[in-house]
Amino acid sequence: MTALDYKNKLDAYGYVHIPDLITPEQCDHYKELLEENHKKYSPLYEGNFSPKANELANKSGEKVVFNLHNKDMSWFILFEHPIILSLLDLALKEGSYKDSEPYYLNNISARCPLHGHPGQQLHLDSNLPGINHTIIVNVLWMLDDFKLENGATRVVPFSHKLQSFAPDGLKHPDEIQLTGKKGGAIVFNSNLWHGGAENTTDESRWGVALGYARWFIKPSFDFMQNTPAHIYNQMTDAQKDLLGFRVVPSKDEFTRMRRRSHYFEPPNEYKLPKV
């Protein structure tokens, strides 16, 4: 299938599954990194627990790793996968001035629900249901086989066109689970109602969740504040663009007048916590 074929499916259903993008060996490498990072950093997370079991902020029943970009350069293989970017070029530039304005990677995390996790509330990630143009596209990389039993992501097809939020705490009669082999990816419009399902097994179900947004949407975390110099200095220009180092707001009118810069803004000094 071509990038246009994928985009047509994305537009019609709100999601598209693209199989066999990376090898099982690459999946295992990334899972090792995630397990190591989760063990090291999760005890330091702010707001790690929430009183309601199904709230999205509650991480007590799952493993989550944030900001993969500041932990290992090998993640950029996923971030800038050519098949994914060819689809995003169509989906996230459409409707902008001359269909040419940039997008960037504004959310970078990974999630693995544990045995007994009840599943997530159906939700959307755009914060604005029913908008005309796609403003954020999520790419969910499957590092394990996604099965009905281990919490494969639930979606409500066509819900990206609805002008409402998903009802709290309810299972939708039209929702389905998206299953597939490790190494593939599910690409979906951020307006699509979706949520993780219950993991009834002891298997891992790691998924890397990447959100790509039009340049004027703010990121989940401040990459200017959390990118170590040794990572930034290894990045290519294309990778710096992908992390949004040219779409950072200007400090003041004496520094720059344009909202987008002609040059890369260097990040502030940052080091990961010592553990």
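Refer to the structure above for everything that follows.
A quick note: this is a predicted structure, and the numbers were derived from the prediction, not measured.

Engineer: Can you explain the packing of aromatic side chains? Please cite residues and give values.
Structural biologist: Inspection of every chain in the model, using the stated rule, returns 9 aromatic pairs. Aromatic pair Tyr30 and Trp75: ring centres 4.5 Å apart, planes at 20°, arrangement stacked. Of this pair, Tyr30 sits in helix H2 (residues 24-41) while Trp75 is found in the loop between strand S2 (62-66) and helix H3 (76-79), placing the two residues 45 residues apart along the sequence. You'll find Tyr30 and Trp75 in the same group, each marked buried. Ring centres of Tyr45 and Phe66 lie 5.3 Å apart, and the angle between their planes is 70°; this geometry places the pair in the edge-to-face category. Of the two residues, Tyr45 is situated in the loop between H2 and S2 and Phe66 in strand S2; the sequence distance between them amounts to 21 residues. Of the aromatic side chains, those joined through ring pairs into one cluster are Tyr13, Tyr15 and Phe158. The cationic tip of Lys240 hangs over the ring face of Tyr232; the distance from NZ or CZ to the ring centre is 4.4 Å.

Engineer: Mind laying out the pattern of salt bridges, listing which residues take part and the relevant values?
Structural biologist: Taken as a whole and judged by the stated rule, the model has 14 salt bridges. The residue Asp28 makes a salt bridge to Lys182 at a minimum N-O spacing of 2.9 Å. Pair noted here: Asp28 is in helix H2 and Lys182 is in the loop between strand S6 (176-177) and strand S7 (185-189), with a separation of 154 residues, a long-range link. With a shortest N-O distance of 4.0 Å, Lys40 and Glu36 are connected by a salt bridge. A residue pair is termed a helical-turn pair when its members lie 3 or 4 positions apart in one helix, as Lys40 and Glu36 do in helix H2 at 4 residues. Among the residues examined, Glu36 registers a relative accessible area of 45% and is labelled partly exposed. Taken together, the shared-partner salt bridges connect Lys7, Asp11 and Glu94 into one network.

Engineer: Outline helix H1 (residues 3-13), listing residues and values.
Structural biologist: Burial in H1 covers these residues: Tyr6, Lys7 and Leu10. One side of H1 holds all its buried residues, which, seen down the axis, span an arc of 100°. Contacts made by the buried residues of H1 are with strand S1 (15-18), helix H4 (82-91) and S7. At the exit of H1 stands Gly14, carrying a positive phi of roughly 95°.

Engineer: Break down the sheet that holds strand S5 (residues 154-155) for me, with residues and values.
Structural biologist: With antiparallel pairing, the 3 strands of this open sheet are ordered in space as S6-S5-S8. Where the open sheet ends on each side, the last strands, each with one partner, are S6 and strand S8 (194-195). Summarising the sheet, S5 and S8 pair through 2 bridges and their orientation is antiparallel. Bridge pairing in S8 places Val155 opposite His194.

Engineer: Talk me through the pairing of S7; I want residue IDs and the actual numbers.
Structural biologist: Within S7, 5 of the 5 residues are buried, which leaves the element mostly enclosed by the surrounding structure. Here S1 runs beside S7; their pairing, made up of 4 bridges, is antiparallel. Bridging across to S7, Tyr15 finds its partner in Phe188. Taken together, the 5 bridges between strand S4 (residues 136-142) and S7 define a ladder with antiparallel strand orientation. Bridging across to S7, Val139 finds its partner in Val187.

The rules behind these values
Residues numbered from 1 in each chain as written. Predicted model: local features only at pLDDT ≥ 70, side-chain atom pairs only at ≥ 80, totals over all residues. Heavy atoms only, no water. Phe/Tyr/Trp six-rings, centres within 6.5 Å; stacked < 30°, edge-to-face > 60°. Helix = DSSP H or I, 4+ residues; strand = E, 2+ residues; numbered from the N terminus. Buried < 20%, exposed > 50% of the residue type's maximum accessible area, 1.4 Å probe, protein only. Lys NZ or Arg CZ within 6 Å of the ring centre and 35° of its normal. Salt bridge = Lys/Arg side-chain N within 4 Å of Asp/Glu carboxyl O. Arc of directions from axis to C-beta. Contact = heavy atoms within 4.5 Å. Pairing = 2+ DSSP bridges.

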